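# Per-entry structural report
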Amino acid sequence: MQDPSTGVKGTDQKLNVTIIPHVITEHHAFYTVLAFGYIYPLQDHKKLVLRPDGSLYRFQTPYFWPVQKWKAEDTDYAIYLAKRNIRKKGVLDAYEQEEYNKLHKWMNHKWDFIVMQAKEQYHAGKARQKADRVVFDCQERAYWIVHRPPPQTHSAMDYGLDRHIDPNAEEIIYTQQAVMRSRVKSSVSLGALAKYITTFKNHDPFLVPCLPSNPWQTDDDSYWELNTPDVEIPTKMRVERWSFSFYELLNDPRGRADFKIFLKKEFSGENLAFWEAAEELKWGTAASMSEKAEHIFKTFLAPGAPRWINIDGRTMGLTVKGLEHPHRYVLDAAQTHIFMLMKKDTFYRYLKSPVYKEMQKKAISPAPHNFS
């Protein structure tokens, strides 16, 4: 349609006091392309509807075509409305004002950035020639009429032609994945829940009294002293809980310390050391992230590292590449791999080891205090 020799003929037209180039008038083939925003009106901006009265139109620039690979983001719409608000000195259409207020409330944490962007775009627009400024304003407005249509307005983007970008694609993919996801029978789920309750019931302070006494009901703080994170000899209840799962063992500082003793005797302490280093990177300060990432690479991942860990090549490649631009979760894949190795092998050897059995023998069972 834009071919100079065989396409729709365009001419320069005077709009108010401005000469607008490449203007076209109503054509029978415009109904669909207008609805999708491939052409736009120069006069009636509120509706992308063809008018058989000699109204003027222009072809939309490809940057604003609906088949582009980027989505219409709320932040971009907020910048557009803020710019119109500046240009119109606070007088927006009713629906635009409502959207402006909602976005302002929702994006209040970055509104200063949005206004700054809007002002820069506004000043850049003022530096253009008037004809270019009018054309760009019409192009941008037509784009947002397509992607953020006014209330009770027909929008061609809701259905119709196969588009390169489907606004519901993510939702469709999520739904397909949800349908294909394996399900667990309710009987299996209830069985697992019953097993969990049976395992942990003696460790629930709501079901079993605290020993030697309840510190919330008495002035005796023996319970706290016996369960400090670094206590030398833990209680039998605490040691028993370590055997429930590998997570319970690592989550207890005293249990993790005992596990380290076992690993030292097995000459395999590098796996737990790496897991702890990954936790420090994940929960540490942003300022120390690059330094910690470099230390982890040199200690555990680099060829010939002093505490090199044994992970598969794919995971190692992804981790090393991610450390070029480190972030909090860059070690997640490697950390999960190491966690599963320890859970499936080392953890069960620890439970059968003399280290754990000796701790079971040394653990104390506090007698209840009688305050009567």
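Residues numbered from 1 in each chain as written. Predicted model: local features only at pLDDT ≥ 70, side-chain atom pairs only at ≥ 80, totals over all residues. Heavy atoms only, no water.

## Comments concerning the overall build of the protein
- Across its full length, the protein carries 16 helices and four strands.
- Each of the 372 residues in the protein was classed as buried or not, and the buried ones make up 36%.
- Nonlocal contacts in the protein, meaning residues at least 24 apart in sequence, comprise 59% of its contacts between residues at least 6 apart.
- With an accessible surface of roughly 24000 Å², the protein has 56% of that area assigned to carbon and sulfur atoms. (Helix = DSSP H or I, 4+ residues; strand = E, 2+ residues; numbered from the N terminus. Buried < 20%, exposed > 50% of the residue type's maximum accessible area, 1.4 Å probe, protein only. Contact = heavy atoms within 4.5 Å. Areas by Shrake-Rupley, 256 points an atom, 1.4 Å probe, with all protein chains shown as cover.)

## A look at helix H16 (residues 354-362)
- Every buried residue of H16 is accounted for by Val355, Tyr356 and Met359. For H16, the arc enclosing every buried residue in end-on projection is 95 degrees, short of the 170-degree limit, so these residues lie on one face. Exposed residues on H16 whose side chains face more than 90 degrees from its buried face are Pro354 and Lys361.
- Contacts from the buried residues of H16 go to helix H9 (236-242), helix H11 (253-266) and helix H15 (332-351). (Arc of directions from axis to C-beta.)

## Observations regarding a positive patch on the surface
- On the surface, Lys89, Lys126, Lys130 and Arg133 cluster together to form a positively charged patch.
- Here lysine 130 lies in helix H5 (residues 130-147). (Patch = residues over 30% accessible without salt bridge, like charges linked within 9 Å, V, L, I, M, F, W, Y side chains within 5 Å. Salt bridge = Lys/Arg side-chain N within 4 Å of Asp/Glu carboxyl O. Lys, Arg positive; Asp, Glu negative; His and termini not counted. Charge placed at Lys NZ, Arg CZ, Asp CG, Glu CD.)

## Details of the pattern of salt bridges
- Enumeration over the complete set of coordinates arrives at 15 salt bridges.
- With its nearest N and O atoms 3.3 Å apart, the salt bridge here joins glutamate 96 to arginine 84. Here glutamate 96, found in helix H3 (residues 94-106), pairs with arginine 84, found in helix H2 (residues 74-87); they are twelve residues apart in sequence, far enough to count as distant. Both residues of the pair, glutamate 96 and arginine 84, belong to the buried class.

## Looking at the nonpolar core
- Ranked by internal contacts, the top residues of the largest apolar core, which has 37 residues, are Phe246, Phe259, Phe274, Phe300, Leu301, Leu331 and Tyr350.
- Elements represented by at least two residues in this core include exactly H9, helix H10 (246-251), H11, helix H12 (270-283), helix H13 (289-301), H15 and H16.
- Here phenylalanine 274 is in contact with Ile296, Phe300, Leu301, Ile309, Leu331, Ala334, Gln335 and Ile338, once residues within four sequence places are set aside.
- If you look at the next biggest cluster of nonpolar residues, it comprises 19 residues, including Tyr77, Ala78, Tyr80 and Ala118. (Core = buried A, V, L, I, M, F, W, Y, C linked by side-chain atoms within 4.5 Å.)

## Focus on the confidence of the model for the protein
- Per-residue pLDDT for the protein averages 82, and the proportion of residues at 70 or more is 79%.
- The model gives residues 159-165 a pLDDT under 50, and that stretch makes twelve contacts with residues more than four places away or in other chains. (pLDDT = per-residue confidence, 0-100.)

## Section: the packing of aromatic side chains
- For the structure on display, the rule yields 19 aromatic pairs.
- With a centroid separation of 5.0 Å and 80 degrees between ring planes, the pair formed by tyrosine 143 and tryptophan 144 is classed as edge-to-face. Here tyrosine 143 and tryptophan 144 have matching classes, each one buried.
- Following the ring pairs from residue to residue traces out a cluster consisting of Phe246, Phe259, Phe262, Phe339, Phe347, Tyr348, Tyr350 and Tyr356.
- Over the ring of phenylalanine 136 we find arginine 128, and its NZ or CZ is 4.6 Å from the ring centre. (Phe/Tyr/Trp six-rings, centres within 6.5 Å; stacked < 30°, edge-to-face > 60°. Lys NZ or Arg CZ within 6 Å of the ring centre and 35° of its normal.)

## Examining the packing of H11 against H16
- At a minimum axis distance of 9 Å, the contact between H11 and H16 shows a crossing angle of 140 degrees. One finds that H11 runs oblique with respect to H16. Along the contact surface, H11 presents Arg254, Asp258, Ile261, Phe262 and Lys265, while H16 presents Val355, Tyr356 and Met359.
- Taken together, the residues of the contact of H11 with H16 sort by class into five nonpolar, no polar and three charged. (Axes fitted to C-alpha atoms, helices over the stretch in contact; angles between N-to-C directions. Parallel < 35°, antiparallel > 145°, perpendicular 65-115°, else oblique. Nonpolar A, V, L, I, M, F, W, Y, C, P; charged D, E, K, R; others polar.)

## Topic: the environment of proline 62
- With respect to the helices and strands, the residue proline 62 is situated in the loop between strand E4 (57-59) and H2.
- Look at proline 62 and you get partly exposed, because its relative accessible area is 42%.
- The spacing of proline 62 and tyrosine 38 is 24 residues in sequence and 8.1 Å in space, taken between C-alpha atoms.

## Here's the deal with the side chain of arginine 84
- With a relative accessible area of 2%, arginine 84 lands in the buried category.
- With sequence-adjacent residues up to four places away left out, arginine 84 is seen in contact with Leu92, Glu96, Asp137 and Arg141.

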